[in-house]
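So the chains spell out like this:
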Amino acid sequence: MGKKRGNRAGFWFFRTSLKLFGLSGAYALLYPVCLYYLIFDRHAVSTAMTYVKRRFRSYNIFRRICAVYKLFVSQGKNLIDRYYHVAGLGQFDVELRGYDRIKSLLSNSQKGFILLTAHVGNWQASMTALKKLNKTVYLLMTPEENAAVKNTLNIGNEKDKAKIISPEKFLGGILEILKVIDEGNIVSIMGDRSYGHNSARVSLLGGKANLPVGAFSIATALKCSVVVLLPAKVSSRKYIIDVSHVITPRCSSKSGKEEEIRALVQQFARILEEYAVQYPFQWFVFSDIWEGEGE
Amino acid sequence: MQEINEEELADIKSALKALLVKDLSLEDITPDDIKDDEILFGEGLGLDSLDAVEIVVILQRNFGLDVKDIENRKDVFHSIDTLAKYVYEKRKD
């Protein structure tokens, strides 16, 4: 959730609800809370609407507002699940798709790979599922995002296999990223928001969107693979974590590199698009990545 | 302290400038346009973090340097001067 909605008081409220009323009770409380945000948080509604307009082109304004509400509720459920899991209140069934493929990627190469994800599903829970790879996963994220995720994953505990690389470090943490991949580790990068950095304009949900090129530029330079990580909640107690899409850069010439990287970003955009079609209310892209494009 | 071979250092600087222009596809810039003490990132030459990826690859492929060593020497990315001195020192190691 956005910074405004993901505050400590909110987390405390839902944590307490979970303990008192269980998972279903906490879910039930989400509906009035999300209705409040739907009515009063114009910024949240307007950013969510940029996605909803493109995903549900045929919807009228009323149905679009309902879709935004559904998106808020869905994200709330993902957050509640996260705390439910971490607090040890219960377990979810997790189906990990493509595990053998990434396992063989690691055993066939000295290098690690990039785990490219997006603001979809409960991606933090995926990190727990990937622990069996027995590799350190480095999450590229700003310190502000850290606070919530750090608590969730208990990052900082020496035994944990998830660590943070801050993009606010020297050269955006790029030197550390190169080093840890070279050492055989995994770096997780968000691929659906460019935050004003290098991006490529690609086709996405019938429009032209700006998606970051960083993951593919690094993979091309290091000759390592990019594994797309897309988790989805498929029932109240089950997640599917899909890591079956592997994109491997094959840059042949310097001159064609820029175009080749754009094609890789487009490939990722298609995978995201398929995800949005299958799980329309689990891509929490609360940002106008289609900025500059007309309606 | 070991004496620096200025000729060898100048050769490294020239090679680095040529590789930067070629591999970073710097438009409207020739190797001669890059000053030895010009700041590479942000102001100056205006390179960004993704260009740093290319510089690391240049150092690995053309000068046999290890990414682990480079990660610990962030200061070498300041200018052509600092990069060249780093390459020179590593060659002498």
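Each chain carries its own residue numbering, running from 1 in the written order of its sequence. To read the labels, note that chains go from A and ligands from 1, taken in the order they are written. Only residues with pLDDT of at least 70 are given local features in this predicted model, and only at 80 or more are side-chain atom pairs given and counted; all residues enter the totals for whole chains, interfaces and linings. As a rule here, side-chain values cover all heavy atoms of the structure and leave hydrogens and water aside.

As a further point, take the nonpolar core. Residue and element names in this part refer to chain A. The nonpolar core is taken to be a set of buried Ala, Val, Leu, Ile, Met, Phe, Trp, Tyr and Cys residues, with the residues joined through side-chain atoms within 4.5 Å. When accessible area is computed with a 1.4 Å probe and restricted to protein chains, residues below 20% of their type maximum are described as buried, those above 50% as exposed, and intermediate ones as partly exposed. Judged by nonpolar contacts, the single largest core of 113 residues is most densely connected at F72, I218 and W283. Counting residues per element, this core draws most heavily on helix α1 (residues 8–40), which supplies 10 residues. Domain borders in the structure are assigned automatically or taken from a domain database. Residue assignment places this core across two domains, with domain 1 (8–86) and domain 2 (93–278) each supplying three or more. L130, I241, V243 and V246 belong to the second largest nonpolar core, which has 20 residues in total. Strands are runs of DSSP state E lasting at least two residues, helices are runs of H or I lasting at least four, and both sets are numbered from the N terminus onward.

Residue and element names in this part refer to chain A. Only the contacting stretch of a helix is used when fitting its axis, a line to C-alpha atoms as for every element, and angles between N-to-C directions run 0 to 180 degrees. The interhelical angle for the contact between helix α8 (residues 214–222) and helix α9 (residues 257–278), taken along N-to-C directions, is 125°, at an axis separation of 9 Å. Considering their axes alone, α8 and α9 lie oblique with respect to each other. Helix-helix and strand crossings are classified by hand; for α8 and α9 the assignment is right-handed. Counting all contacts with α8, which are made through F216, S217 and T220, the residues of α9 involved are K257, I261, L264, V265 and F268. Residues that form the contact of α8 with α9 fall into these classes: 5 nonpolar, 2 polar and 1 charged. In what follows, roughly perpendicular refers to angles from 65 to 115 degrees, roughly parallel to angles under 35, roughly antiparallel to angles over 145, and oblique to any angle outside these ranges. The sense of a crossing depends on the near helix, which, turned anticlockwise from the far helix by less than a right angle, makes the crossing left-handed and, turned clockwise, makes it right-handed. For this analysis, residues touch if any pair of their heavy atoms sits within 4.5 Å. When residues are grouped by polarity, Ala, Val, Leu, Ile, Met, Phe, Trp, Tyr, Cys and Pro land in nonpolar, Asp, Glu, Lys and Arg in charged, and all others, Gly among them, in polar.

Residue and element names in this part refer to chain A. Relative to the helices and strands, R237 resides in the loop between β8 (226–235) and β9 (238–247). Along the chain, R237 and S166 lie 71 residues apart, while their C-alpha atoms are 33 Å from each other. Nitrogen and oxygen atoms within 3.5 Å of one another constitute a polar contact, given that in protein one can donate a hydrogen and the other can accept it, and given that sequence-neighbouring residues count only through two side-chain atoms. A polar contact is formed between the side chain of R237 and the side chain of Y84, at a distance of 2.8 Å.

Bringing the sheet that holds strand β2 (residues 113–117) of chain A into the picture now. Residue and element names in this part refer to chain A. Any two strands between which DSSP finds at least two bridges are classified as paired. Sheet architecture is open: 7 strands sit in the order β1-β9-β8-β2-β5-β3-β4, paired in mixed fashion. Edge positions in the sheet fall to β1 (93–97) and β4 (162–165), since each has one partner strand and no second. Sheet twist, expressed as the average angle between the axes of neighbouring strands with direction ignored, equals 25°. Here β2 pairs with strand β5 (residues 186–190) via 5 bridges, running parallel. What sits directly across from T117, in β5, is M190.

Expected span, for any helix, means 1.5 Å times one less than how many residues it has. Along its 15 residues, helix α2 (residues 49–63) of chain B runs 21 Å from first to last C-alpha, staying within 8% of the 21 Å computed at 1.5 Å per residue. Taken across its 15 residues, α2(B) has 11 buried, putting it largely inside the fold. Taken residue by residue, α2(B) has L50(B), D51(B), A52(B), V53(B), E54(B), I55(B), V56(B), V57(B), I58(B), L59(B) and F63(B) as its buried positions. Elements that come into contact with the buried residues of α2(B) comprise α7 (174–182), α8 and α9 of chain A together with α1 (6–23), α3 (67–71) and α4 (80–92) of chain B. Just downstream of α2(B), G64(B) is the residue with a positive phi angle, here 65°.

Moving on, we get to the pairing of β9(A). Walk down a regular strand and you will see the side chains alternate between the two sheet faces. All names here are of chain A. For β9, a buried count of 7 out of 10 residues is recorded, marking the element as mostly surrounded by other parts of the structure. Examined bridge by bridge, β1 and β9 share 5 bridges and lie parallel to one another. Each residue of the ladder has a partner; that of E95, found in β9, is I240. Sheet topology note: the β8/β9 ladder contains 8 bridges and is antiparallel. Residue pairing for β9: P231 is matched across the bridge by I241. A loop of 2 residues connects β8 with β9, the two strands running antiparallel in sequence.

Residue and element names in this part refer to chain B. pLDDT measures how confident the predictor is about each residue, on a scale from 0 to 100. On average, chain B scores 89 in pLDDT, and the residues at 70 or more come to 98%. Here α3 is the element of chain B with the lowest mean pLDDT, 77, and α1 is the one with the highest, 94. For this predicted complex, the interface confidence comes out at an ipTM of 0.83, alongside a pTM of 0.88.

What follows deals with the interface of chain A and chain B. Of the residues lining the interface, 19 residues belong to chain A; the matching set on chain B comes to 18 residues. When two components associate, each loses some accessible surface as probed by a 1.4 Å sphere; the sum of these losses over both components is called the buried area. Surface buried jointly by chain A and chain B totals about 1,700 Å² across both partners, of which 67% is contributed by carbon and sulfur atoms. Whenever Lys or Arg places a side-chain nitrogen within 4 Å of a carboxyl oxygen from Asp or Glu, that contact is recorded as a salt bridge. For the pair chain A and chain B, the number of links is 1 salt bridge. Two residues, E54(B) and K257(A), come together in a salt bridge whose shortest N-O distance is 2.4 Å. Inspection of the chain A/chain B interface yields 3 residue pairs in polar contact (both at pLDDT 80 or more). At the level of secondary structure, the elements contributing two or more residues to the side of chain A that touches chain B comprise α7 and α8 of chain A. No other element matches α7(A), which puts 6 residues into the side of chain A that touches chain B.

A side chain of one charge can pair with a side chain of the opposite charge if their charged atoms are brought near each other. Residues and elements named next belong to chain B. Using the criterion set out here, one finds 12 salt bridges over all chains in the structure. Between K92 and E8 there is a salt bridge, and its shortest N-O distance comes to 3.1 Å. In this pair, K92 is assigned in helix α4 and E8 in helix α1, connecting sequence segments 84 residues apart. K92 sits in the partly exposed class, given a relative accessible area of 37%. Between K13 and D36 there is a salt bridge, with the nearest N and O atoms lying 3.5 Å from each other. Here D36 lies in the loop between α1 and α2 and K13 lies in helix α1, a separation of 23 residues in the sequence. Judged by relative accessible area, K13 falls into the buried class, the value being 14%. Three or more residues joined by partner-sharing salt bridges are found here, namely K13, K17, D36 and D81.

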